[in-house]
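Residue-level structure breakdown
So the chains spell out like this:
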Amino acid sequence: MDLNQQIQVLIDNAPQDGTTPKVVRAIAPVLQQVAQQLHHSQYYIVQTLNSDWVLTVLSNRGNPNLEKRAIYAFPSREDALAAVSSTRKAQNLALPMPVTHILFQLVAMEAVDSIVFFETPGNRSAAIEVRRQDMQYLIQSHLQQNQSIRRSKRNSPPPDIA
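Residues numbered from 1 in each chain as written. Predicted model: local features only at pLDDT ≥ 70, side-chain atom pairs only at ≥ 80, totals over all residues. Heavy atoms only, no water.

For the rest of this paragraph, the subject is the overall build of the protein. For the protein, the helix and strand inventory stands at 5 helices and 6 strands. The secondary structure elements of the protein, listed N-terminal to C-terminal, are α-α-β-β-β-α-β-α-β-β-α. In terms of C-alpha radius of gyration, the protein reaches 19 Å, well past the compact-globule figure of 15 Å for 162 residues. Seen along its three principal axes, the alpha-carbon backbone of the protein occupies a region of about 75 × 40 × 30 Å. Within the protein, the fraction of its 162 residues that count as buried is 35%. A separation threshold of at least 6 residues defines the contact pool for the protein, and within that pool the share at least 24 residues apart is 66%. Per element, the accessible surface of the protein, about 10,200 Å² overall, is 50% carbon and sulfur. For the protein, the separation between the mean place of its 15 positive charges and that of its 13 negative charges on side chains is 4 Å. (Helix = DSSP H or I, 4+ residues; strand = E, 2+ residues; numbered from the N terminus. Rg over C-alpha atoms; globule rule 2.2 N^0.38 Å. Buried < 20%, exposed > 50% of the residue type's maximum accessible area, 1.4 Å probe, protein only. Contact = heavy atoms within 4.5 Å. Areas by Shrake-Rupley, 256 points an atom, 1.4 Å probe, with all protein chains shown as cover. Lys, Arg positive; Asp, Glu negative; His and termini not counted. Charge placed at Lys NZ, Arg CZ, Asp CG, Glu CD.)

Have a look at this one:
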């Protein structure tokens, strides 16, 4: 599924409350922009049997009080399952998700600081981290830019004025 199709699925599956589909449409260019920097159209997310995403808490070796909460996104099911400890394998699933859906979820998950996208199967040293804070900033900038463009169009005289 290409990125445009992924966005359309997000819009189609959004709550039809009159607002959410418009929000998805408005932020779609940002989701696509970030997704294009990643290597895969879908990633595998380790989830519990209750469909909760497995969160990893990372602490700084130099400052153990400094923590980061991350979700790992894997390029293959095998990589995702290899990352799960043997005692937890029966309690977890590795399910594929379109990349734009993962990015959309990241924005809404306040308990998560970032998603780490592993790009090469079998290699956990090459990854791209997408921070929630950065996504929120990109979305906010995009929305503000579009709002000022709309305002300037409203304030300019019609082209056929004579």
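Space inside the largest pocket adds up to approximately 170 Å³. Val46, Val54, Thr56, Ala83 and Val84 are the residues nearest the centre of the largest pocket, which is lined by 13 residues in total. Elements with a contribution of two residues or more to the lining of the largest pocket: β1 (42–48) and β3 (67–74). The dominant element in the lining of the largest pocket, judged by the number of residues it contributes, is β3, at 3 residues. Looking at side-chain class alone, the lining of the largest pocket contains 8 nonpolar, 3 polar and 2 charged residues. (1 Å grid on protein atoms, 1.4 Å probe; cavity = no way out; pocket = protein on both sides within 12 Å on 5 of 7 lines; lining within 4 Å. Points joined across faces, edges and corners; volume = space filled by probe spheres on them. Nonpolar A, V, L, I, M, F, W, Y, C, P; charged D, E, K, R; others polar.)

Relative to the helices and strands, arginine 132 resides in helix α5 (residues 132–155). Of the polar contacts made by the side chain of arginine 132, one reaches the backbone oxygen of methionine 109; its length is 3.1 Å. Residues in contact with arginine 132, not counting those within four places in the same chain, are Leu106, Val107, Met109, Glu110, Val112, Asp113 and Ser114. (Polar contact = N/O pair within 3.5 Å; in protein donor to acceptor, adjacent residues only side chain to side chain.)

Before going further, it helps to examine the side chain of glutamine 6. Mapped onto the elements, glutamine 6 comes out in helix α1 (residues 3–13). A distance of 3.3 Å separates a polar atom in the side chain of glutamine 6 from the backbone nitrogen of valine 99. Other than its neighbours up to four places away in sequence, glutamine 6 contacts Met1, Ser41, Pro98, Val99, Thr100 and His101.

Turning next to the packing of α1 against helix α4 (residues 99–108). Direction vectors running N to C along α1 and α4 enclose 50 degrees, while the axes themselves pass 8 Å from each other. Accordingly, the angle class assigned to the pair α1 and α4 is oblique. Contacts from Leu3, Gln6, Ile7, Val9 and Leu10 of α1 reach α4 at Val99, Thr100, His101 and Phe104. Among the residues forming the contact of α1 with α4, the class breakdown is 6 nonpolar, 3 polar and no charged. (Axes fitted to C-alpha atoms, helices over the stretch in contact; angles between N-to-C directions. Parallel < 35°, antiparallel > 145°, perpendicular 65-115°, else oblique.)

So, about the pattern of salt bridges. Where charged atoms from two side chains of opposite charge approach closely, those side chains can pair. With the rule as written, the count across this model stands at 3 salt bridges. A salt bridge links aspartate 134 to arginine 131; its shortest N-O distance comes to 3.0 Å. Here aspartate 134 falls in the partly exposed class, since its relative accessible area comes to 34%. Owing to a relative accessible area of 34%, arginine 131 belongs among the partly exposed residues under this scheme. (Salt bridge = Lys/Arg side-chain N within 4 Å of Asp/Glu carboxyl O.)

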